Amino acid sequence: MIRKLWIRFLLLYLAVVFLAICAASLYSHYRLRSHIVHLLEEDLYRTARTLAAVLDLSGDEAALDDLCRRLKEQSGYRVTLIDRDGTVLGDSDRDAYSMEHQLYRPEVHSALEEGAGSAIRYSHTLGYPMLYGAIGAHSGQSSYFLRLSVPLEGGFAQLSTIRSNIVQGSLLAFLAAIPVLFLLSRRMSRRIERVTTFVQAARKGDLGRRLYVGSRDELGVREKELDEVAEEMSGQR
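Here the residue numbers are simple positions, counted from 1 along each chain's written sequence. Whole-chain, interface and lining totals are the exception, using all residues; otherwise, since this is a predicted model, local features are given only for residues with pLDDT of at least 70 and side-chain atom pairs are given and counted only at 80 or more. Note that water and hydrogens are dropped before the side-chain values are worked out from all heavy atoms of the structure.

1. Some details on helix α2 (residues 64-75)
Helix and strand definitions follow DSSP, with helices as H or I runs of at least four residues and strands as E runs of at least two, each counted in order from the N terminus. By this rule the span expected of a helix is its residue count minus one, scaled by 1.5 Å. The first and last C-alpha atoms of α2 sit 16 Å apart over twelve residues, in line with the 16 Å expected at 1.5 Å per residue. Every residue pair with non-hydrogen atoms within 4.5 Å of one another is taken to be in contact. The elements touched by buried residues of α2 are α1 (5-54), β1 (78-83) and β2 (88-91). One or two positions beyond α2, positive phi appears at G76, with a value near 85 degrees.

Here you go:
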């Protein structure tokens, strides 16, 4: 049983290291995903405010779809103009008249309440997840919402590449740790074998053995105490 103790130590060490690496990888993935979304969100807001500062909606409302298309070409984002009552005034990807009421979309509702808002959701219109950012804006005497959106596929594709690199690095770290954990397991196993042999010899009356402790950990303290007990018992003979 003692001879196989090092295997049990090794498996325990490997399990702990593996779980730690998995937890670190999952945490890194979560933090990177949040960071990428945050960067995109900040860029959406910044671009929306820049566009809102120069937009003039006093012209023909029928031309707003074309205006949104030109803005998309310049910004790279899908552009939607929404009236304060939620009616779509113009959109770069679809005809405004074919789009449903938008006032209770999370990002528009937040823009109504707080001046700006964002949301991630699956776009059934386009067929993939999108990040939406909306702000309240003014043109002359009228007010409206300017919403920009961007597919998350590009950002998440970068995240997948980073995650793959993290997994590969974690695997290499795990493999590199195996020899170290093997040596630690063998060392711990040998120390316990020495203590076991010492105790068995003492039970048979052989009090001349010593463990000669060199470590100050908890096991080293117990080894030192065993040496002291053996020394006292030898002196009483």
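2. A closer look at the confidence of the model for the protein chain
Counting all residues, the mean pLDDT for the protein chain is 80, and 79% of those residues have values of 70 or more. The pLDDT value tells you how sure the predictor is about a given residue, anywhere from 0 up to 100. β1 holds the highest mean pLDDT among the elements of the protein chain, 92, whereas helix α5 (residues 218-235) holds the lowest, 63.

3. Focus on the pattern of salt bridges
Think of a salt bridge as a Lys or Arg side-chain nitrogen and an Asp or Glu carboxyl oxygen that are within 4 Å of each other. Under the criterion given, the structure shown has eight salt bridges. A salt bridge links R69 to D95; its shortest N-O distance comes to 3.5 Å. Residue R69 is found in helix α2, and its partner D95 is found in the loop between β2 and α3 (106-114); the two are separated by 26 residues along the sequence. Since its relative accessible area comes to 31%, R69 is described here as partly exposed. In this structure, K72 engages D93 in a salt bridge whose closest nitrogen and oxygen atoms are separated by 3.0 Å. Here K72, found in helix α2, pairs with D93, found in the loop between β2 and α3; they are 21 residues apart in sequence, far enough to count as distant. For D93, a relative accessible area of 27% translates into the label partly exposed. One connected set of salt bridges, linked through shared partners, spans D66, R69 and D95. Classification of residues uses two cut-offs on accessible area relative to the type maximum, computed with a 1.4 Å probe and protein chains only: under 20% is buried, over 50% is exposed, and between them is partly exposed.

4. Side note on the packing of aromatic side chains
Pairs were defined over the aromatic rings of Phe, Tyr and Trp, the Trp ring being its six-membered one, requiring ring centres within 6.5 Å. Orientation was assigned from the angle between planes: stacked under 30 degrees, edge-to-face over 60, tilted for the rest. For the coordinates displayed, the defined rule picks out one aromatic pair. Measuring from centroid to centroid gives 5.9 Å for F18 and F174, while their planes differ by 70 degrees, and the two rings are edge-to-face. With F18 in helix α1 and F174 in helix α4 (residues 153-203), this pair connects stretches of sequence that are 156 residues apart. Note on F18: relative accessible area 45%, which makes it partly exposed.

5. Description of a nonpolar patch on the surface
To count toward a patch, a residue needs a relative accessible area above 30% and no salt bridge. Like charges then connect within 9 Å, nonpolar side chains (Val, Leu, Ile, Met, Phe, Trp, Tyr) within 5 Å. Working definition of accessibility: Shrake-Rupley area with a 1.4 Å probe, residue cover restricted to the visible protein chains. Side chains of L171, L172 and L175 sit close together on the surface and give an oily, nonpolar patch of about 310 Å² of accessible area. Tracing the backbone through its elements, the reader meets L172 in helix α4.

6. Here's the deal with the nonpolar core
By nonpolar core we mean a set of buried residues, namely Ala, Val, Leu, Ile, Met, Phe, Trp, Tyr and Cys, connected to one another through side-chain atoms within 4.5 Å. Grouped together as the largest cluster of nonpolar side chains are 23 residues, with contacts concentrated most on L55, L67, L81, Y144, L146 and L148. Among the secondary structure elements, those contributing two or more residues to this core are α1, α2, β1, β4 (128-139) and β5 (142-151). Here the element with the most residues in this core is α1; it accounts for six residues. Within the second largest apolar cluster, seven residues are counted, among which are W6, L10, I21 and L181.

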